[in-house]
Amino acid sequence: LKNRRTIRNFDPEFAISKEQLKEIVNALQISPTGRNLQGVDYIVITNKDKIKEISKVAYDAFPKEVKAGFDARRSKYAVKDPIACDATTVILAVKNERAGNYAGIDTGIGIMSAIVAAQEFKIDSMCLGCIVSPKVEELLGLKEGSLVIGLALGKVKGKPILDRKEIKTAVT
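Residues numbered from 1 in each chain as written. Predicted model: local features only at pLDDT ≥ 70, side-chain atom pairs only at ≥ 80, totals over all residues. Heavy atoms only, no water.

K.L.:
Hey, could you run me through unusual backbone geometry in this one?
P.N.:
Positive phi is not limited to glycine here, since Arg-35 has a value of about 55°. Here Arg-35 lies in the loop between α1 (18–29) and β1 (40–45). Under the relative-accessibility criterion, Arg-35 is labelled exposed at 65%. A positive phi angle, near 55°, is found at Cys-85, a position not held by glycine. Inspection of the secondary structure assignment puts Cys-85 in the loop between α3 (64–76) and β2 (89–95). (Helix = DSSP H or I, 4+ residues; strand = E, 2+ residues; numbered from the N terminus. Buried < 20%, exposed > 50% of the residue type's maximum accessible area, 1.4 Å probe, protein only.)

Here you go:
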């Protein structure tokens, strides 16, 4: 885990194999959940056009000053899509009818499990909190407030462009 970093320059031509994706999704499904409610479902998207559409809707929902930060990604990371950064697979975590007070925690555990599983295949990742919006939920036909987070998966394009990570958390 010490070597895992967020990737923002994915190879748009890389495709995760069905077998690898099945293992990553399995890691989501077997992750522990509060009271075993399993209150989060996952939507796996490998259709590049759908990923672009989700990214556009998420981007368009931001105010101008937030868009500027995403626009900077285009040149800094040499990507066309500043939201999913050209990832070819996106997994969405969506609260279901069993979601309770633990849904956010369960999602975090599940997403981290998927990240670790992806790393075993040398597949890179980036969490997508920026796609959580009523507009994206509307696009996907989801209940408002049900989209928890997204996870972009793929292979780094060329050399990873890593931002410096400063540890800010305290441990007492």
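K.L.:
Would you mind showing me how to read the state of the cysteines here?
P.N.:
Covalent bonding between the sulfur atoms of two cysteines is what defines a disulfide. Under the criterion given, the structure shown has zero disulfides. Free cysteine Cys-127: the closest other cysteine sulfur is in Cys-130, separated by 10 Å. (Disulfide = S-S within 2.5 Å.)

K.L.:
What should I look at first to understand the sheet that holds β2 in this one?
P.N.:
Strand pairing in a sheet takes place through backbone hydrogen bonds and is either antiparallel or parallel in direction. Reading across from one edge, β1-β2-β4-β3 is the order of the four strands in this open sheet, with antiparallel pairing throughout. Bordering the open sheet on either side are β1 and β3 (124–128), each of which pairs with just one other strand. When strand polarity is set aside, the average angle formed by the axes of neighbouring strands in this sheet is 20°. Relative to strand β4 (residues 147–154), β3 is paired through five bridges, and the arrangement is antiparallel. Following the sheet pairing, Asp-124 is matched in β4 by Gly-154. (Pairing = 2+ DSSP bridges. Axes fitted to C-alpha atoms, helices over the stretch in contact; angles between N-to-C directions.)

K.L.:
What's the story with helix α2 (residues 48–60) in this structure? I'm lost.
P.N.:
In an α-helix, one turn spans 3.6 residues, which is why side chains three or four residues apart end up on the same side. With 13 residues, α2 ought to run about 18 Å at 1.5 Å a step, and its terminal C-alpha atoms sit 18 Å apart, in line with that. Listed as buried for α2 are Ile-51, Ile-54, Ser-55, Ala-58 and Tyr-59. The arc that holds every buried residue of α2, seen down its axis, measures 130°, which confines them to one face. Within α2, the exposed residues directed more than 90 degrees away from the buried face are Asp-49, Lys-52 and Lys-56. Against the buried residues of α2 lie β1, α3, β2 and α5 (134–140). Backbone nitrogen of Asp-49 and a side-chain oxygen of the N-cap are separated by 2.9 Å at the start of α2; the cap is Asn-47. (Expected span 1.5 Å × (residues − 1). Arc of directions from axis to C-beta. Contact = heavy atoms within 4.5 Å. Polar contact = N/O pair within 3.5 Å; in protein donor to acceptor, adjacent residues only side chain to side chain.)

K.L.:
Just checking my understanding: could you explain a positive patch on the surface for this structure?
P.N.:
A surface patch of like charges, here positive, comprises Lys-48, Lys-52, Lys-80 and Lys-157. Here Lys-48 lies in helix α2. Owing to a relative accessible area of 36%, Lys-48 belongs among the partly exposed residues under this scheme. (Patch = residues over 30% accessible without salt bridge, like charges linked within 9 Å, V, L, I, M, F, W, Y side chains within 5 Å. Areas by Shrake-Rupley, 256 points an atom, 1.4 Å probe, with all protein chains shown as cover. Salt bridge = Lys/Arg side-chain N within 4 Å of Asp/Glu carboxyl O. Lys, Arg positive; Asp, Glu negative; His and termini not counted. Charge placed at Lys NZ, Arg CZ, Asp CG, Glu CD.)

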